[in-house]
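Below, each chain spelled out in residue letters.
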Amino acid sequence: DLFSTNRIPASSVCDVLERRPYSSHIIIAVEGLFFPLQVIDDGEVVSTAEIFIQLRHLELELRGMVTGEKEAPVGVLTTLEREKWHCIREQLSEHPQSRYSLEVMESALFVTCLDLDFQDENRDAVWRYFKDREIENRWFDKSMQLIVTRSGSAALTFESAAVDAHVAAQFVNKLWDVYESDQTSETTSLVFAGDSDEKRFELLEWSCSDQSIWDLT
């Protein structure tokens, strides 16, 4: 259950694993904001070059956002005790906008977390960063999260209830083999989108009927 799987706080005493087998998008997490990105189109995987272009558009779009436009870092709620997260999730589900955002998040193949503020290349510093820091730009209920820093360091996190450690290790080894063997121009040349190109991303928005979403986070 590597892909499209979530650990859902179904009640105050019980979590359930839920899998969405027909997903075609991932979630891009940047600065605590979440954006869906289509990676399968008509049954075909979107090319690496096209994904690069879309990510560049997203970076440009983020630059144009002011602080007041940004959403509360809802991902931090997935670090709470499960009973508390269940209660808050129920509140979120009562609001149409948050219910839609939860559906998009939980139906995604996985989450890619872009931590653009971290650039240290020291191995120990990178390890400590991945292990202990940055909870706002995560969604820990997801079965798998790919974390990438601006300096190119990367890590994978897995929800242990959804993914067996042996399966996770095999998957990581396979990814490394693909990375080392792939010498195509598509993956070695980064394509940049011009500032004038228009590309609007959908930002997942969150609301709660009883109180401000900022108060919850």
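The structure contained in this document is the topic of the report that follows. (Residues numbered from 1 in each chain as written. Predicted model: local features only at pLDDT ≥ 70, side-chain atom pairs only at ≥ 80, totals over all residues. Heavy atoms only, no water.)

## Section: the overall build of the chain
What counts is decided by this rule: Here a helix means four or more residues in a row that DSSP labels H or I, a strand means two or more in a row labelled E, and each is numbered from the N terminus. When checking whether two residues touch, look at their non-hydrogen atoms; a contact exists if any pair is within 4.5 Å. Only the protein chains shown count as covering a residue, and every accessible area follows the Shrake-Rupley method with a 1.4 Å probe.
Of the regular secondary structure elements, the chain holds 7 helices and 9 strands. If you take every contact in the chain between residues at least 6 apart in sequence, the share linking residues at least 24 apart comes to 69%. Summed over all atoms, the accessible surface of the chain reaches about 12,300 Å², with 49% contributed by carbon and sulfur.

## Some words on the nonpolar core
Just so we agree on the cut-off: By convention a nonpolar core is built from buried Ala, Val, Leu, Ile, Met, Phe, Trp, Tyr and Cys residues, the set being connected through side-chain atoms within 4.5 Å. Summary of the burial criterion: residues with accessible area below 20% of their type's maximum are buried, those above 50% are exposed, and those between are partly exposed, where the area comes from a 1.4 Å probe applied to protein chains only.
In terms of nonpolar packing, the biggest core is built from 24 residues, with I27, F34, L92 and W139 touching the most fellow members. For this core, the elements supplying multiple residues, two or more each, are β3 (25-30), α2 (82-93), α3 (96-106), β7 (111-115) and α4 (123-132). L33, F35, F171 and L203 belong to the second largest nonpolar core, which has 21 residues in total.

## Focus on unusual backbone geometry
Positive phi, close to 60°, is recorded for S4, a residue that is not glycine. By the element assignment, S4 lies in the segment before β1 (5-8). Notably, D42 is not glycine yet its phi reads approximately 55°, a positive angle. Summarising the element assignment, D42 is placed in the loop between β5 (40-41) and β6 (44-45).

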